Amino acid sequence: MPQWALSPPIPPRVRIAVPAELVAQLPPVMQHGPTRHLLAGDQLEADEGRGRALPRMFIDESLLSARVLIRRMLPSRVALARGRCRNAARALVALAAAGMVARASALPATEVAMQAPWWVAVAAGALLGAVLLGLWVRDRRRLRAALDAGAEAGRRLHALVDALDIGLVVYDQADRLVLWNQDFARLYGPLANELQPGRTFEELLRAALARDLVPEARGREGAWLSERLAAHRRASGTLLRALPDGRWRRISERRLADGRMLSYSIDVTELEQQRRAAEQASARLQDAIDALTEGFALYDKQDRLVVFNARYREIYAASAPAIRVGASFEEILRHGLAYGQYPQAAGREEAWLAERLHLHRHPGPPALQELPGNRWLRIDERVTRDGGIAGVRTEVTELVRREQELQRVNAELDATNARLAEISDTDALTGIANRRHFDRRLGDEWARAQRDRQPVALLMVDVDHFKPYNDRHGHPAGDACLRRIAALLQDTARRPSDCVARYGGEEFVLLLPHTDRAGAAVLARRCLAAVDGAALPHGASPVAQHVTLSIGVAVAEPGERACDAREMLRRADAALYLAKQAGRHRVAEAAPVETAT
């Protein structure tokens, strides 16, 4: 066993200073009592005669040796484990030193929690070395396992990224190439030699332009380069790139939190081809719609304009500023109303608007619409499968004007026909119905009376001695006399259903529907009185000094033996003959027909 040289006796009072942070490395039981005071640098007393203490140098060398041992045992790359073990070693050596000092100073057992000889430090060091070696081996194995697992995860991640059909590339804060995947390398195959870490984005762009890999930049390479660099610096949104082989890629660039740039691109060739095909189909459809001579408009289910042709805007010239994609049908209508585009709505704009909106949203048969200047449209609207409204406006101005002209001509023709009918049924001299009209009315009223079982009366009137009147007063006076008598008879038979007609020469007839014998007799006497009251002078009449009448009456009542209209007319004429035979200026009634049994 080596002998340790003892130093001279320590003075009566010795102060040993131990760093305070070592106390925290000791077990909790050693952080209290005399040991705590010793390590904290408290004062220790020792009498000269009670023993000798280990020199301070021994304690410092022991601490130094432990530190060197730890540094040699642990590799520098396991810094965390080394620091942890170093702190533990310092605490154990300090504990051993404290025990030796306590033994040298011969402190009572009641004041020192643990006393140990000097070789305790050596034993503690050996024990510490074994513990540290075990910790180092364990940590080294764990570190190697972690590194292997990380490397394997990294290989799998790289394989996964390389398998993606997405071109990935990362640039550092200085815009230099850092890493990329296989899809990016395949995408820019001619740039394989340029894809080196450290190459800047601009250098790669210039290399691509030099190899004619950017079709859209042909003829304007400098301007395109400036635009692309500016978009790259902004790193916002996406851009569409055409490749020399006809493919299309959508490129997205994002700035990462640490300032690096992540760029990824996706092959969108099929989508772009479909989009372009849809645009071409839409353009062809628009060309076809614009070629129509009719106005066409398509509204969606929210009643907003989707498609229209140039003709539609030409037709509604006043509404043209409001006719745009996205405008509602009501907005366009209101704009047209404000500029007087719809003459049919004048004075009732809101009511017309409500009616037009209802017809638009619930379309039915084609409708006509008037525009200023007597222009006309035929509107034919249909509901589409998705709930929209498709409408066609056809200019029908010429047709409507022809129809208007035809209606005007027809109206004039109807009026002419009515006038002709009136003329054909009117006596030219007196202005009352003629015999043609009377014959038709007699047949109609006779049939109605038979059907309804109602009476009907007929008065045959003759102007007494009219031929001598003409001879005495002249034919013009005779015509005037006849017109005056016709007017008097017309005023006497006032019912709308009564018919007063000139039967011929100086004879008149009165057809009286729904009139029995008593009524017919009363009306006949009124006719006589009316003419007598007019007192038309008659210088050649043997009856009176004024014009007089003779009247024959025939009545057909229900229940009588059936006869026809001609029979009734014959009976009235026979009654007139009786009146004349009886001296004229009187009324004679035909004998009633025998009652049917």
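Refer to the structure printed above.
In what follows, the accompanying structure is described. Bear in mind the structure is a predicted one, so any value in this text is a computation, not a measurement. (Residues numbered from 1 in each chain as written. Predicted model: local features only at pLDDT ≥ 70, side-chain atom pairs only at ≥ 80, totals over all residues. Heavy atoms only, no water.)

1. Quick word on the environment of W224
Okay, step 1: With respect to the helices, strands and loops of the structure, W224 is situated in helix α7 (residues 221-234).
Okay, step 2: C-alpha of W224 to C-alpha of L209: the two residues are 15 residues apart in sequence and 9.7 Å apart in space.
Okay, step 3: Setting aside residues no more than four positions away along its own chain, W224 makes contact with L205, L209, V214, E216, A217 and R241. (Helix = DSSP H or I, 4+ residues; strand = E, 2+ residues; numbered from the N terminus. Contact = heavy atoms within 4.5 Å.)

2. Details of the sheet that holds strand β8 (residues 295-299)
Okay, step 1: What the 5 strands build is an open sheet, ordered β9-β8-β12-β11-β10; its pairing is antiparallel. Of all the strands in the sheet, just β9 (305-308) and β10 (367-371) have a single pairing partner and so form its edges. Strand-to-strand twist of the sheet, defined as the mean angle between neighbouring strand axes without regard to direction, takes the value 25 degrees.
Okay, step 2: Pairing geometry for β10 and strand β11 (residues 375-383), over 5 bridges, is antiparallel. Note that in β11 the partner of L368 across the bridge is R378.
Okay, step 3: The strands touched by helix α12 (residues 397-424) within the sheet are β10, β11 and β12 (389-395), with β11 carrying the most contacts at an inclination of about 120 degrees. (Pairing = 2+ DSSP bridges. Axes fitted to C-alpha atoms, helices over the stretch in contact; angles between N-to-C directions.)

3. Notes on unusual backbone geometry
Okay, step 1: We note that D303 has phi near 65 degrees; this positive angle belongs to a residue other than glycine.
Okay, step 2: Mapped onto the secondary structure, D303 falls in the loop between β8 and β9.
Okay, step 3: You will see that R453, though not glycine, has its phi angle at about 55 degrees, which is positive.
Okay, step 4: Inspection of the secondary structure puts R453 in the loop between α13 (435-452) and β13 (456-463).
Okay, step 5: In this structure R453 comes out as exposed when scored by relative accessible area, which is 57%. (Buried < 20%, exposed > 50% of the residue type's maximum accessible area, 1.4 Å probe, protein only.)

4. Quick notes on helix α16 (residues 517-534)
Okay, step 1: Counted at 1.5 Å a residue, the expected span for α16 with its 18 residues is 26 Å, and the 26 Å between its end C-alpha atoms agrees.
Okay, step 2: Within the span of α16, buried status applies to R517, A520, A521, L523, A524, C527, L528 and V531. Down the axis of α16, the smallest arc covering the buried residues is 170 degrees, so these residues share one side. Of the exposed residues in α16, the ones pointing more than 90 degrees away from its buried face are A518, R525, R526 and G533.
Okay, step 3: Count one or two residues on from α16 and you reach A535, which has phi positive near 50 degrees. (Expected span 1.5 Å × (residues − 1). Arc of directions from axis to C-beta.)

5. What about the packing of helix α6 (residues 201-210) against α7?
Okay, step 1: Interaxial distance between α6 and α7 falls to 11 Å at its minimum, and their mutual angle equals 150 degrees. Remark: the crossing between α6 and α7 carries right-handed chirality. When α6 is examined against α7, the residues F201, E202, L205, R206 and L209 are found in contact with a partner set consisting of E221, W224, L225, R228, L229 and H232.
Okay, step 2: Residue composition of the contact of α6 with α7, by class: 6 nonpolar, 1 polar and 4 charged. (Left-handed = near helix turned anticlockwise from the far one by under 90°. Nonpolar A, V, L, I, M, F, W, Y, C, P; charged D, E, K, R; others polar.)

6. What to know about the side chain of D183
Okay, step 1: For D183, the position within the fold is in helix α5 (residues 182-187).
Okay, step 2: At 2.9 Å, the side chain of D183 and the backbone nitrogen of G167 are in polar contact.
Okay, step 3: Within the structure, the side chain of D183 is placed 2.8 Å from the side chain of R249, a separation counted as a polar contact.
Okay, step 4: Look past the residues within four positions of D183 in its chain and what remains in contact with it is L164, D165, I166, G167 and R249. (Polar contact = N/O pair within 3.5 Å; in protein donor to acceptor, adjacent residues only side chain to side chain.)

7. Focus on the pairing of strand β14 (residues 499-504)
Okay, step 1: The buried fraction of β14 is high, at 5 of 6 residues.
Okay, step 2: Looking at chain direction, β14 and strand β15 (residues 507-513) are connected through 5 bridges and run antiparallel. Looking at the pairing, C499 lines up with L511 of β15.
Okay, step 3: Hairpin remark: β14 followed by β15, antiparallel, with 2 residues in the connecting loop; positive phi at G505, about 60 degrees.

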